[in-house]
Amino acid sequence: MKSSRKALGSQHNLTAYTFLLPWLIGFFCLTLGPMLGSLYLSLTKYNLLTPPEWIGFANYLEIFKEDDTFSNSLWLTIKYVFISVPLRLAFALLVAMVLNKGIRGLGIYRTVYYIPSLLGGSVAIAIVWRQIFDGNGLVNQFLSWFGIQGPSWISHPDYIVHTIITLSVWQFGSAMVIFLAGLKQVPADLYEAAQVDGAGKARQFFRITLPMLSPVIFFNLVMSIINSFQAFTPAFVIGDGRGGPLDATMFYTLYLYMKGFSFFDMGYASALAWIMLLIIGIFTGIIFLTSKYWVFYGDSKEGR
């Protein structure tokens, strides 16, 4: 009996691993393997034309001690993350709450609002955005109707980053759909009890909606921060692929790309990539550590 059960268990395990095999092959060949390869290259001097030359931590020391562009691009990326992520999540939550009112054609509205998240990261949309905010683009043409002379949003270093942030906020659809799903799970009797107690809409929002949505906010926040740190296409297209004007669009990922594929310094670019991984890990870890103070699961806070 025991041997038959053991044989049955082994057969089930074999079946499970057979279904997992495509993912395991992809993970080891397309994810883990290249990661370990880039870790090795980060400790070498490699220009794609000659074999890698082992130099230890020289790339990392140069990045932190001598590379001003690294610090500038990192600060610009952090600024972009801290502005775009809260705006995108706030706008996504606002639209989700409006759609949660039970309006007719909800599926159509949900699809329409989700489309920018599917297309927003494409080169084509970035090109369209560049045309819209050009000196003679649609935005300035609209402002001219009111007698306002708009600047060239993509040519001035003080405005171009805000143009990219606006594009990021426009891609709120993914977070909106998740917020909408979370709002559907909030029990209606909580709002009814709050109304009986005389709580207004604002108090209901801060005392019921936000606490009940805190796990969803936590998920959206983590994913948005990770994705924002890796923003590349808008900066590359709108900034002409060189970080212009005056390095105003020199995002960290763009600088990494230029080091690797414009200057063919793959060792240096690999070191930049691992530093970015560490930075994203630090920010994600901080969110996880602080989540026990503001993320609620059921009737208790997370971690308590």
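About the thresholds
Within each chain, residue numbers correspond to sequence positions counted from 1 in written order. Thresholds applied to this predicted model are a pLDDT of at least 70 for local features of residues and 80 or more for the giving and counting of side-chain atom pairs; totals over whole chains, interfaces and linings are not thresholded and use all residues. Remark: hydrogens and water are excluded; side-chain values derive from all non-hydrogen atoms of the structure. Secondary structure elements are taken from DSSP: a helix is a run of H or I of four residues or more, a strand is a run of E of two residues or more, and numbering for both begins at the N terminus. A 1.4 Å probe rolled over the protein chains alone gives each residue an accessible area, and that area as a share of the maximum for its type sets the label: buried under 20%, exposed over 50%, partly exposed in between. Note on contacts: a residue pair is in contact if any heavy atoms of the two residues lie within 4.5 Å. With residues, only the protein chains shown are counted as cover, and all accessible areas are computed by Shrake-Rupley using a 1.4 Å probe. Whether two aromatic rings pair depends on their centres lying within 6.5 Å, for rings of Phe, Tyr and Trp, where Trp uses its six-membered ring; planes under 30 degrees apart make the pair stacked, over 60 edge-to-face, and the rest tilted. The criterion is that NZ of a Lys, or CZ of an Arg, lies within 6 Å of the ring centre and within 35 degrees of the ring normal, and then a charge sits over that ring. Take the buried residues of types Ala, Val, Leu, Ile, Met, Phe, Trp, Tyr and Cys, join any two whose side-chain atoms come within 4.5 Å, and each joined set is a nonpolar core. With axes taken as lines fitted to C-alpha atoms, and helix axes fitted only over the stretch in contact, angles between N-to-C directions fall between 0 and 180 degrees. Crossing handedness is defined as follows: a turn of the near helix away from the far one that is anticlockwise and smaller than a right angle gives a left-handed crossing, while the clockwise case is right-handed. Here the term charged refers only to Asp, Glu, Lys and Arg, the term nonpolar to Ala, Val, Leu, Ile, Met, Phe, Trp, Tyr, Cys and Pro, and the term polar to all other amino acids, Gly among them. Expected span, for any helix, means 1.5 Å times one less than how many residues it has. In protein, a polar contact means a hydrogen-donor-capable atom and an acceptor-capable atom, both N or O and within 3.5 Å, with residues adjacent in sequence counting only if both atoms are side-chain atoms; elsewhere, any N or O pair within 3.5 Å suffices. By definition, a residue's bend is the angle between the axes fitted to the seven residues ending there and the seven starting there.

Caption draft 1: Looking closely at the overall build of the chain. Looking only at helices and strands, the chain features 13 helices and four strands. Counting the 304 residues in the chain, one finds 36% classified as buried. If you take every contact in the chain between residues at least 6 apart in sequence, the share linking residues at least 24 apart comes to 66%. With the model as given, the accessible surface of the chain reaches about 18300 Å², and the carbon-plus-sulfur share is 67%.

Caption draft 2: Spatial organisation of the packing of aromatic side chains. Evaluated as defined, the whole model comprises 21 aromatic pairs. Aromatic side chains Phe142 and Trp145 sit 5.6 Å apart centroid to centroid with 65° between the ring planes, which places their arrangement in the edge-to-face category. The partly exposed category is assigned to Phe142, whose relative accessible area is 44%. A residue is classified by how much of its surface remains accessible, and Trp145, at 69% relative accessible area, is exposed. The ring of Tyr268 has Lys259 sitting right over it, with the charged end atom 4.6 Å from the ring centre.

Caption draft 3: Up close: the nonpolar core. Of all hydrophobic cores here, the largest spans 58 residues; its most connected members are Phe70, Phe179 and Phe229. Per element, the largest residue contribution to this core is 13 residues, and it comes from helix α3 (residues 68-99).

Caption draft 4: Seen up close, the environment of Ile217. You can see Ile217 is positioned in helix α10 (residues 201-229). The class for Ile217 is buried, based on a relative accessible area of 19%. Separated by 78 residues in the primary sequence, Ile217 and Val295 have C-alpha atoms spaced 8.4 Å apart. When sequence neighbours within four positions are dropped, the list of residues in contact with Ile217 reads Phe179, Leu210 and Trp294.

Caption draft 5: A look at the environment of Ile55. With respect to the secondary-structure elements, Ile55 resides in the loop between β2 (53-54) and α2 (58-66). Sequence separation of Ile55 and Ser42 is 13 residues, and the distance between their C-alpha atoms is 9.0 Å. Apart from residues lying up to four places away in sequence, Ile55 is in contact with Leu43, Thr44 and Lys45.

Caption draft 6: Geometry of the packing of α3 against helix α7 (residues 160-170). Look at α3 against α7: their axes get within 9 Å of each other, and the N-to-C directions meet at 35°. α7 is crossed by α3, and the crossing has right-handed handedness. Where α3 abuts α7, its residues Leu76, Tyr80, Ile83, Ser84, Leu87, Arg88 and Phe91 lie against Val161, Ile164, Ile165, Ser168 and Val169. Of the residues contributing to the contact of α3 with α7, the split by class is nine nonpolar, two polar and one charged.

Caption draft 7: Summary view of α3. In this model, α3 (32 residues) spans 46 Å end to end at C-alpha, consistent with the 46 Å of a helix rising 1.5 Å per residue. Of the residues that open α3, the one with a side-chain oxygen 3.1 Å from the backbone nitrogen of Thr69 is Asp67.

Caption draft 8: Inspection of α10 at higher detail. Its 29 residues place the ends of α10 only 35 Å apart at the C-alpha level, less than the 42 Å of an ideal helix rising 1.5 Å per residue. A bend of about 60° at Ser214 is the largest found in α10, and the proline Pro215 appears one to four places after it.

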